[in-house]
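# Chains, contacts and geometry: an overview
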Amino acid sequence: GKEESSSMPNRDVDLDDKYVSLEFVYPSGATIDVHSPAVALLSSGSVCFPVNRPIAGIWEHVNIDEDKKNRKRGRVLAMGSSDIFSDEW
């Protein structure tokens, strides 16, 4: 059989669940305000301060003109800090 590493606990994740937990380190980042129609992509969670605040948000705009030939798109990803992509932690 397979041996499981003691450093990586086995966690069953229900991908159909509305919220899926993701653990990451974000020591020097800022939170952001996310308003509709944008969507919060990552949040700070319940075990840190400030609690359950967005730290990343996404928005997409699609404008189809009347003859439906030209689609104008726009996408924005906003992050509280780029330090989330560093591998220092």
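Each chain carries its own residue numbering, running from 1 in the direction its sequence is written. Totals for whole chains, interfaces and linings use every residue, but because this is a predicted model, local features are given only for residues with pLDDT of at least 70 and side-chain atom pairs only at 80 or more, for both listing and counting. As a convention, hydrogens and water are excluded, and side-chain values are obtained from all of the structure's heavy atoms.

## A short note on the overall build of the chain
Strands here mean DSSP runs of E at least two residues long; helices mean DSSP runs of H or I at least four residues long; both are numbered from the N terminus. On a plain count of helices and strands, the chain comes out with zero helices and three strands. Taken from N to C terminus, the helices and strands of the chain fall in the order β-β-β. Throughout this description, buried means an accessible area under 20% of the type-specific maximum (1.4 Å probe, protein chains only), exposed means over 50%, and partly exposed covers the range between. Burial analysis of the chain (89 residues in total) assigns 10% to the buried set. The method behind every accessible area is Shrake-Rupley, applied with a 1.4 Å probe, and residues are considered shielded solely by the protein chains displayed. On the chain, roughly 8,100 Å² of surface is accessible, and the fraction owed to carbon and sulfur atoms is 51%.

## Concerning the sheet that holds strand 3 (residues 71–79)
Pairing between strands is defined by DSSP: at least two bridges between them are needed. Ordered by their spatial adjacency, three strands build an open sheet running 1-2-3, and the pairing between neighbours is antiparallel. Edge positions in the sheet fall to strand 1 (39–43) and strand 3, since each has one partner strand and no second. Within the sheet, the average angular offset between the axes of one strand and its neighbour, ignoring direction, is 15°. Of the pairings in the sheet, the one linking strand 1 to strand 2 (residues 54–64) comprises four bridges and is antiparallel in character. Bridge pairing links Ser43 to Pro54 in strand 2. Inter-axis angles, ranging from 0 to 180 degrees, are taken between N-to-C directions of lines fitted to C-alpha atoms, where helices are fitted over the stretch in contact.

## Digging into the confidence of the model for the chain
Summarising the model, the chain shows a mean pLDDT of 75, and 70% of its residues fall at 70 or more. The weakest mean pLDDT in the chain belongs to strand 3 at 87; the strongest belongs to strand 1 at 90. For every residue, the predictor states its confidence as a pLDDT score lying anywhere from 0 to 100. Here, two residues are considered to be in contact whenever any of their heavy atoms come within 4.5 Å of each other. Counting interchain partners and residues more than four positions distant, the pLDDT-below-50 stretch residues 1–10 has one contact.

## Here's the deal with unusual backbone geometry
Cis peptide bonds are those with omega within 30 degrees of zero, and the linkage from Ser36 to Pro37 qualifies with 15°. Examined against the element boundaries, Pro37 turns out to sit in the segment before strand 1. One non-glycine residue, Asn52, lies in positive phi territory at about 50°. Tracing the backbone shows Asn52 in the loop between strand 1 and strand 2. Look at Asn52 and you get partly exposed, because its relative accessible area is 48%.

## Regarding the environment of Val51
Turning to its location among the elements, Val51 is positioned in the loop between strand 1 and strand 2. Apart from the residues lying within four places of it in its own chain, the contact partners of Val51 are Ser44, Gly45 and Ser46.

## As for the side chain of Ser81
Along the polypeptide, Ser81 turns up in the segment after strand 3. On the basis of relative accessible area, Ser81 is assigned to the buried category, the value being 15%.

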